[in-house]
Amino acid sequence: MTLPRIWARVVPWDKEVAVAALESGITTLWVPDGCAEAARELGRVVLACAGGDLREGTDFRVTRMEGKEDEARVAASPADMAWVVFPREREIIPLENLVAWGKTVLVAATTPQEVALYRGVLERGVYGLVLSSPDPAGMRALGAAAHARAEDVPLVAARVRSVAPLGMGDRVCVDTCTWIEGSRGMLVGNGSAGLFLVCAENVPNPYVLPRPFRVNAGAVHSYCRVPGGRTAYLSELSAGSGVLLVDGAGKGEVACVGRVKVERRPLVLLSAAAPSGNEYSIVLQNAETIRLVGPGGATPSISRVAPGDEVLLMETAPGRHFGVAVEETIREK
């Protein structure tokens, strides 16, 4: 059989943890020997145990990654041999080596942070994950992290109605831990229902060097899109926060914030009408390095955008409760 890529390790046996794993979409359970019948009572599952579908020593081997000799043992094994690896805390280089050598490695993960780490090894990730938690809530959190995918969002072309100076205010530069190229940037707006695509500062100009890790995102009160379909205020972001980056086609990826800079600068208010007829607005710094994204990947500077131009935005139903979309009677203007 093809080796499943996501397992839940339920050792010792705990029915509620196993149920949480299955409800999270994980259909391979690693259970103690003698618990196969109890596990099968919960539904159609692939079992890793002595009486199951996958057997240690035959279908997979297990090792702890305590030193170079453990890495060498996996590296020297036949190409078709699968390994479940329990890594030493905070050590990632041995896993990078095994991924580079094309080894079939499933790594034990106990936190959502570890799941994200192992999924990102050498950008491609390890072959698979073995999720382990002593309680149902923890298993559900691991399952959600293991199945998380980059978010793609629908963008529409909105026609600019007005661009007007506002005076001084506090704007937020979001410095990410990601090199942001092309038309990628953050979704930002005055209201949660209409978020404009603000490009990173990755375009050369005669006055300052590009800063392709930075999005000069807008005024402190603004909404921005963050992972999980949520929004946050720009004022809430700090080192370690996650933000959603998207390109002109709406393809998304999660980026980590390394630094946030709030500084007092001259501001400008831009409003635009979406094809739906709804009008949305955004407050940005009034400077030529701040760029929106237009159809076809154009990145016009806010200093040159004029009424009649088109810019891209994401349009959704209004209504947020602590960043989570809710259905309620609300008007944003």
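Residues numbered from 1 in each chain as written. Predicted model: local features only at pLDDT ≥ 70, side-chain atom pairs only at ≥ 80, totals over all residues. Heavy atoms only, no water.

Draft legend 1. Looking closely at the environment of Gly252. Locating Gly252 in the fold gives a position in strand E15 (residues 252-273). Using a relative accessible area of 6% as the deciding quantity, one classes Gly252 as buried. Between the alpha carbons of Gly252 and Glu114 there is a distance of 21 Å; along the sequence they are 138 residues apart. Setting aside anything within four residues of it in sequence, one finds Gly252 in contact with Ala150, Glu151, Asp152, Leu244, Leu245 and Val246. (Helix = DSSP H or I, 4+ residues; strand = E, 2+ residues; numbered from the N terminus. Buried < 20%, exposed > 50% of the residue type's maximum accessible area, 1.4 Å probe, protein only. Contact = heavy atoms within 4.5 Å.)

Draft legend 2. Summary view of the packing of aromatic side chains. For the structure on display, the rule yields five aromatic pairs. Between Trp30 and Phe60, the ring centres sit 5.6 Å apart and the planes meet at 80 degrees, which makes this aromatic pair edge-to-face. Here Trp30 is found in strand E2 (residues 28-30), whereas its partner Phe60 is found in the loop between strand E3 (46-48) and strand E4 (61-65), with 30 residues between them in sequence. When the ring of Tyr223 is compared with that of Tyr233, the centres are 5.1 Å apart and the planes differ by 25 degrees; the resulting orientation is stacked. With Tyr223 in strand E12 (residues 223-226) and Tyr233 in strand E13 (residues 230-233), the pair connects residues that are 10 residues apart, well separated along the chain. Classification of Tyr233 as partly exposed rests on a relative accessible area of 35%. Cluster of aromatic residues (ring-pair linked, three or more members): Trp7, Trp30, Phe60 and Phe86. For Arg5, the ring lying beneath its charged end belongs to Tyr127, and the centroid distance is 4.1 Å. Just above the ring of Trp30 sits the side chain of Arg9; from NZ or CZ to the centre is 5.1 Å. (Phe/Tyr/Trp six-rings, centres within 6.5 Å; stacked < 30°, edge-to-face > 60°. Lys NZ or Arg CZ within 6 Å of the ring centre and 35° of its normal.)

Draft legend 3. Here's a closer look at the sheet that holds strand E1 (residues 6-9). The strand order across the open sheet formed by seven strands is E3-E2-E1-E7-E6-E5-E4, and the pairing between neighbours is parallel. Edge positions in the sheet fall to E3 and E4, since each of these pairs with one other strand and no more. This sheet shows a mean twist of 25 degrees between the axes of neighbouring strands, independent of strand direction. The sheet contact formed by strand E5 (residues 82-87) and strand E6 (residues 104-109) spans four bridges and is parallel. Looking at E6, one finds that Trp83 is bridged to Val105. (Pairing = 2+ DSSP bridges. Axes fitted to C-alpha atoms, helices over the stretch in contact; angles between N-to-C directions.)

Draft legend 4. Expanded view of the pattern of salt bridges. Enumeration over the complete set of coordinates arrives at 13 salt bridges. One salt bridge in this structure joins Glu263 and Arg171, with 2.7 Å as the shortest N-O distance. In this pair, Glu263 is assigned in strand E15 and Arg171 in strand E8 (residues 156-176), connecting sequence segments 92 residues apart. We classify Glu263 as partly exposed; its relative accessible area is 23%. With its nearest N and O atoms 3.8 Å apart, the salt bridge here joins Glu263 to Lys261. When salt bridges with common partners are traced through the structure, they connect Arg171, Lys261, Glu263 and Arg265 into a single cluster. (Salt bridge = Lys/Arg side-chain N within 4 Å of Asp/Glu carboxyl O.)

Draft legend 5. Molecular detail of the packing of helix H5 (residues 112-119) against helix H6 (residues 136-147). Running from N to C, H5 and H6 cross one another at 25 degrees; their axes reach a closest spacing of 9 Å. Considering their axes alone, H5 and H6 lie roughly parallel with respect to each other. The handedness of the crossing between H5 and H6 is right-handed. Between H5 and H6, the contacting residues are Pro112, Val115 and Arg119 on the first element and Ala141, Leu142, Ala145, Ala146 and His147 on the second. Of the residues in the contact of H5 with H6, the class split is six nonpolar, one polar and one charged. (Parallel < 35°, antiparallel > 145°, perpendicular 65-115°, else oblique. Left-handed = near helix turned anticlockwise from the far one by under 90°. Nonpolar A, V, L, I, M, F, W, Y, C, P; charged D, E, K, R; others polar.)

Draft legend 6. Representation of the layout of surface pockets. Each pocket or cavity is described by its volume, and for the largest pocket that value is around 630 Å³. Looking at the lining of the largest pocket, the elements that each hand over two or more residues are H5 and E15. Top element by residues in the lining of the largest pocket is E15. It accounts for four residues. The residue inventory of the lining of the largest pocket, partitioned by class, reads 10 nonpolar, four polar and four charged. If you trace the second largest pocket, you find 15 residues lining it, with Arg119, Gly120, Glu123, Arg124 and Gly125 closest to the centre. Counting residues per element, the ones that place at least two in the lining of the second largest pocket are H5 and strand E7 (128-132). A per-class count over the lining of the second largest pocket returns six nonpolar, three polar and six charged. (1 Å grid on protein atoms, 1.4 Å probe; cavity = no way out; pocket = protein on both sides within 12 Å on 5 of 7 lines; lining within 4 Å. Points joined across faces, edges and corners; volume = space filled by probe spheres on them.)

Draft legend 7. Expanded view of the pairing of E7. Within E7, five of the five residues are buried, which leaves the element mostly enclosed by the surrounding structure. Going residue by residue along E7, you find Gly128, Val130 and Ser132 tucked away on one face and Leu129 and Leu131 tucked away on the opposite face as well. Pairing of E1 with E7, which is carried by four bridges, proceeds in the parallel orientation. From the neighbouring strand, Arg9 faces E7, where its bridge partner is Ser132. Handedness of the crossover joining E6 and E7 through H5: right-handed. (Right-handed = clockwise from strand over helix to strand, strands pointing away.)

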